[in-house]
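Chains, contacts and geometry: an overview
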Amino acid sequence: MADTGSVVKPGLSSTRPTSPDNAGPIIEESQESEEYQQDLQVVLGTAFGVIAVVGLIALGLLLYRLYRVRSGSLSYVAHKSEGYPPQPTVLMLYAQDCPIHERMVAALASFLMEACGCVVSLDLLEEAELAQRGLEDWLIDRLQEADYILTVCSLGARLRCSKKHLRFQKCLSGAITDYFAIAVDYVAEKMRVEQQKGMGLAKFINVYFDYSARSDIPPQLEMAAHYCLMRELKQLRQHLMGEEGITLVGDGSEKSEEGDNSHCDILQTETGMLLRATLEQAKSFFQENPTWMQE
């Protein structure tokens, strides 16, 4: 008696052929297709795993380097001799978009410390203190102590401040809470108060890398000076060093009146080359992964 109770689905290896002539090809094609899909998933999973591990190792090495450099900077501040100008303290704020963006932030911090002589406050370097003191106390104290508040703007930064409920990749480098939107509100209020007191806004700086855009600056911070990196890296250095020749232009950004040859080529320093190399890697990643946020 024929089996009329089963449903035959095309493409499955268990399909019962209607004739002996086409049984072999159908079963063989289905098996090959399933094996191909399984092999592809294994390859893609392995590739993404390797990329993530390599990225975390690179970030870890960079953070260790940053810790060593920052320890030396703090020691210099504590024991500096008379006649040496004080090192500017810079609080860096950023959104935890993805590991490659965090590496860019860490590379910029390293550059600011070694090439610009700054003492940088960055949560990636102060996880233990941040956990001990609490996020809010740590942030408020750093906002009060900093000579400059530097906000790294990106697509994730803009979306976090747009009040939209969007999901982002979890920070892979640690367990730091993503407090960027809260920090921006604090900075915006601080800008408003200091502007009312006639203190100016020179201590507030926005930067964005080549893979981001001017429009990624949160609306609350638009009045602050802004620089596109790497194109305006030297102007940023001038701003942080308080050098002469900086004038405000109409849109709140700052422009150097000196020629481009007034400084040594800071991109040829070790940290300058590291910053540039990391930026090229980041640009390649974002170009090849336009849907990185959903992934």
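These remarks concern the structure in this document. (Residues numbered from 1 in each chain as written. Predicted model: local features only at pLDDT ≥ 70, side-chain atom pairs only at ≥ 80, totals over all residues. Heavy atoms only, no water.)

Here we look at the side chain of Asp97
With respect to the secondary-structure elements, Asp97 resides in the loop between strand S1 (89-93) and helix H2 (99-114). Owing to a relative accessible area of 2%, Asp97 belongs among the buried residues under this scheme. Side chain to side chain, Asp97 and Arg160 meet in a polar contact 3.3 Å long. (Helix = DSSP H or I, 4+ residues; strand = E, 2+ residues; numbered from the N terminus. Buried < 20%, exposed > 50% of the residue type's maximum accessible area, 1.4 Å probe, protein only. Polar contact = N/O pair within 3.5 Å; in protein donor to acceptor, adjacent residues only side chain to side chain.)

Description of the packing of aromatic side chains
The final tally for this structure, using the stated rule, is 5 aromatic pairs. A ring pair is formed by Tyr211 and Phe286, whose centres lie 4.6 Å apart and whose planes are at 35 degrees; its orientation type is tilted. Of this pair, Tyr211 sits in the loop between strand S4 (204-209) and strand S5 (225-229) while Phe286 sits in helix H8 (residues 270-288), and the two are 75 residues apart along the sequence. In terms of burial, Tyr211 and Phe286 fall into one category: buried. (Phe/Tyr/Trp six-rings, centres within 6.5 Å; stacked < 30°, edge-to-face > 60°.)

Overview of the pattern of salt bridges
The final tally for this structure, using the stated rule, is 12 salt bridges. In this structure, the salt-bridge partner of Arg142 is Glu129, at a minimum N-O distance of 3.1 Å. Of this pair, Arg142 sits in helix H4 (residues 135-145) while Glu129 sits in helix H3 (residues 127-133); the two residues are 13 residues apart in sequence, bridging distant segments of the chain. Between Glu189 and Arg192 there is a salt bridge, and its shortest N-O distance comes to 2.5 Å. Of this pair, Glu189 and Arg192 both sit in helix H6 (residues 180-196), 3 residues apart, roughly one helical turn. Among the residues examined, Arg192 registers a relative accessible area of 39% and is labelled partly exposed. What you see here is one network of salt bridges that share partners, running through Glu126, Glu129, Arg133, Asp141, Arg142 and Glu145. (Salt bridge = Lys/Arg side-chain N within 4 Å of Asp/Glu carboxyl O.)

With respect to the nonpolar core
In this structure, Met92, Leu108, Leu112, Leu150 and Leu236 are the most contacted members of the largest nonpolar core, which totals 70 residues. The element contributing the most residues to this core is H2, with 9 residues. Among all residues touching Met92, those that are not within four sequence positions of it are Val105, Leu108, Ala109, Leu112, Val120, Ser121, Leu122, Leu150 and Val152. (Core = buried A, V, L, I, M, F, W, Y, C linked by side-chain atoms within 4.5 Å. Contact = heavy atoms within 4.5 Å.)

With respect to the packing of H4 against H6
Where H4 meets H6, the closest approach of the two axes is 11 Å, and the angle between their N-to-C directions is 35 degrees. Handedness of the H4/H6 crossing: right-handed. Contact with H4, carried on its side by Glu136, Leu139, Ile140, Leu143 and Gln144, involves Ala183, Tyr186, Val187 and Lys190 of H6 and no other residues of that element. In the contact of H4 with H6, the residues fall into 6 nonpolar, 1 polar and 2 charged. (Axes fitted to C-alpha atoms, helices over the stretch in contact; angles between N-to-C directions. Left-handed = near helix turned anticlockwise from the far one by under 90°. Nonpolar A, V, L, I, M, F, W, Y, C, P; charged D, E, K, R; others polar.)

Notes on unusual backbone geometry
Geometrically, the link from Leu229 to Met230 is a cis peptide bond, its omega value of 25 degrees lying close to zero. Note that Met230 resides in the loop between S5 and helix H7 (233-241).

A few points about H8
In this model H8 runs 27 Å from its N-terminal to its C-terminal C-alpha over 19 residues, within 8% of the 27 Å that 1.5 Å per residue would give. Those residues of H8 that fall on the buried side of the exposure criterion are Thr271, Gly272, Leu275, Thr278, Leu279, Ala282 and Phe286. Take H8 and look down its axis: the buried residues cluster within an arc of 130 degrees, on one side only. In this structure, H8 carries Glu270, Gln287 and Glu288 as exposed residues pointing more than 90 degrees from its buried face. (Expected span 1.5 Å × (residues − 1). Arc of directions from axis to C-beta.)

Some details on the sheet that holds S4
Read across the open sheet, the 5 strands follow the order S2-S1-S3-S4-S5; overall the sheet is parallel. Each end of this open sheet is capped by a strand with a single partner; those strands are strand S2 (119-121) and S5. Sheet twist, expressed as the mean angle between neighbouring strand axes with direction ignored, is 25 degrees. On the sheet, H2 packs against S1, S2, strand S3 (148-153), S4 and S5 and is oriented at approximately 150 degrees with respect to S3. (Pairing = 2+ DSSP bridges.)

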